[in-house]
Amino acid sequence: MKKKIDFVRIFFCFLAALFLASCSSEESGEPSGEWLEWKARQEERSKNGIPETLLDESQMLVGGIYVDELYIGERTVAEARQLLENDKIDSGEMEVVIRWQEQEEKTTSGKLGLHWDIDELLKRAVRFGQLGGPLRQYRDQKDLAIGTLHLELVKSLEEETLSGFVEELAAKRDIAPVNATIDFTGELKVSESKTGFATNQEETKAAIRAAVLEAYGNVTVDAVVDVAEPKYSTELLQQIKDNMGSHVTQYHKEGNPRKERDTNVEVATKNIDGTIVLPGESVSVSELMKPRTEENGYRTGSQYENGQVVDAIGGGVCQVSSTLYNALLKAEIQIDERYPHSMVVSYLTPGRDAAIADGHKDLVFTNDKDVPLYIWGVADGNEVSFIVFGKKDVPENRTISFEVEELYRKESEIEVKYDSSKPTGYEDYEGTNSPELDVALWKIIKIDGEETERIKMHTDHYEPSVQTHIIGTGGGEEGAS
């Protein structure tokens, strides 16, 4: 009796295993002879450079296959394809209306790239009843015999076409936000900002895709529109209230015209004027000035290079960066990068200059305050001025000042040159005379007039400049002529 029970268990286990094998995926089990023949034809087509995914249009479909209520069985792949294409063409295109807030944009399903995946459906139809184990094939054949196989034709949208439509919609309908502006004409004035509206392109595509693929008639879809806030709102810029630090230097010298250098100072100042720096933002002054090219309005002017005075495009912009640097120091703004000149400059005390040189010298600062900074600058033909506006966050009884400490000095020598083209007795001095220097810049903090802290900002080294003494040796009246 026990042996009989064991035999029955083994028999049922065998049947269960056979059933599971037959119900597994299409790729399991031994394929039928028809399938192997079809596969061989596909491989042959692939060898001839035809993609394997292409269908054999002459392949005959088995009977009993429906797509919705359309019967495609017992036809070749080509005939079934034609039936399906005609059926979908007869159903007509859908009108698709996209509502963008109160406005409407009309299109059609075809213009959105709607297509039916007929190839994928025909591949399934060709392989039906030919894959899997014996029980799987038997079950499929039974389904076909009683007409219960109804395949679903899947719709899809061409992603590139849909993306192009939504991009055009956004370009046509989006409303850019308007930033507030701030200006200083004796007092600070802030203009009104405006919010904008921007199409959320990914979510709008998803909404269109879902509506069109699920519908079988005209459809209306609401575009997803986000509010676009301005970078600089009126409320944000109205926090800027105080003159935190300012500085002025003279760049035009009477009797010593330097028109090109003056132009460079004015162009660079204009490029910096109006800069707004949000909390946490870092700024390169060299980038604010824009590249020093003739196209950007710069001219050839004098500047220091490798310890000598040379002519270069943009010469003079260092006076702009140096003036701004002193305003930033007084405003107590975080300085990230700053370099001295190779020699002492005439317009500022040593230790308080900030050189600019493309590629290796820059003035970089970060707004480490809680409110935005507004940089106002002007070069009026005589002086260059900068004011750093923000919001003071220190008590009224606290003051700061700056002091330069001389650490080392060596006077430069005078180089004597004799010029035979000059008359005897002629004497002139060419260039400037500045010593070799090492200096330290200190910030001094006072509360109620009493010094409470002294902070060393940096230590700088300056090379000497050599003054040339020219003596004429031409002799007599001939030389004087």
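Residues numbered from 1 in each chain as written. Predicted model: local features only at pLDDT ≥ 70, side-chain atom pairs only at ≥ 80, totals over all residues. Heavy atoms only, no water.

A. Quick peek at the sheet that holds strand β19 (residues 364-366). Read from one edge of the open sheet, three strands run β15-β19-β18, paired in antiparallel fashion. On the outer flanks of this sheet lie β15 (282-284) and β18 (334-337), each paired with one strand and no other. Between one strand axis and the next, the sheet turns through 25° on average, direction left out of account. Where β18 lies against β19, three bridges are found, and the strand directions are antiparallel. The residue of β19 that forms the bridge with Glu 337 is Val 364. (Pairing = 2+ DSSP bridges. Helix = DSSP H or I, 4+ residues; strand = E, 2+ residues; numbered from the N terminus. Axes fitted to C-alpha atoms, helices over the stretch in contact; angles between N-to-C directions.)

B. Layout of the sheet that holds strand β3 (residues 95-100). Pairing is mixed across the open sheet formed by three strands, whose spatial order is β4-β3-β11. Edge positions in the sheet fall to β4 (103-108) and β11 (219-222), since each of these pairs with one other strand and no more. Along the sheet, successive strands turn relative to each other by an average axial angle of 25°, direction set aside. When β3 meets β11, the two strands line up parallel, connected through four bridges. Residue pairing across strands places Val 96 opposite Val 219, the latter belonging to β11. With respect to the sheet, helix α6 (residues 159-173) is in contact with β3 and β4, its orientation differing from that of β4 by roughly 155°. (Contact = heavy atoms within 4.5 Å.)

C. Structural context of the side chain of Asn 200. By the element assignment, Asn 200 lies in the loop between β10 (196-199) and α7 (201-214). Here Asn 200 falls in the buried class, since its relative accessible area comes to 18%. Once residues lying within four places of it in the same chain are set aside, the contact partners of Asn 200 are Val 224, Val 225 and Asp 226. (Buried < 20%, exposed > 50% of the residue type's maximum accessible area, 1.4 Å probe, protein only.)

D. α7, seen in detail. Between its first and last C-alpha, α7 extends 20 Å over 14 residues, near the 20 Å set by a 1.5 Å rise per residue. Of the positions making up α7, those classed as buried are Thr 204, Lys 205, Ile 208 and Val 212. The buried side chains of α7 occupy one side of the element, clustering within an arc of 100° when seen end-on. Among the exposed residues of α7, those pointing more than 90 degrees away from its buried face are Glu 202 and Glu 214. (Expected span 1.5 Å × (residues − 1). Arc of directions from axis to C-beta.)

E. Spotlight on the nonpolar core. Counting residues in each nonpolar core, the largest one holds 38 residues, and the members touching the most others are Ile 272, Met 289, Ile 333, Phe 386 and Val 388. Contributions of two or more residues to this core are made by α9 (259-272), α10 (285-289), α11 (317-331), β20 (373-379) and β21 (383-390). With nine residues, the top contributor of residues to this core is α11. Once residues lying within four places of it in the same chain are set aside, the contact partners of Phe 386 are Gly 245, Ser 246, His 247, Thr 269, Ile 272, Val 320, Thr 323, Leu 324, Ala 327, Ile 375, Trp 376 and Gly 377. Counting residues in hydrophobic clusters, the runner-up holds 17 residues, among them Leu 112, Val 166, Ala 215 and Val 219. (Core = buried A, V, L, I, M, F, W, Y, C linked by side-chain atoms within 4.5 Å.)

F. How the structure looks around the pattern of salt bridges. On inspection of all chains with the given rule, the structure shows 18 salt bridges. For Glu 105, the salt bridge is made with Arg 173, and the minimal N-O distance between the two is 2.9 Å. With a gap of 68 residues between them, Glu 105 in strand β4 and Arg 173 in helix α6 connect regions that are remote in the sequence. Exposure remark for Glu 105: the relative accessible area of 15% places this residue in the buried category. Exposure remark for Arg 173: the relative accessible area of 17% places this residue in the buried category. In this structure, Arg 209 engages Glu 159 in a salt bridge whose closest nitrogen and oxygen atoms are separated by 3.1 Å. Here the residue Arg 209 occupies a position in helix α7, and Glu 159 occupies one in helix α6, the gap between them amounting to 50 residues. (Salt bridge = Lys/Arg side-chain N within 4 Å of Asp/Glu carboxyl O.)

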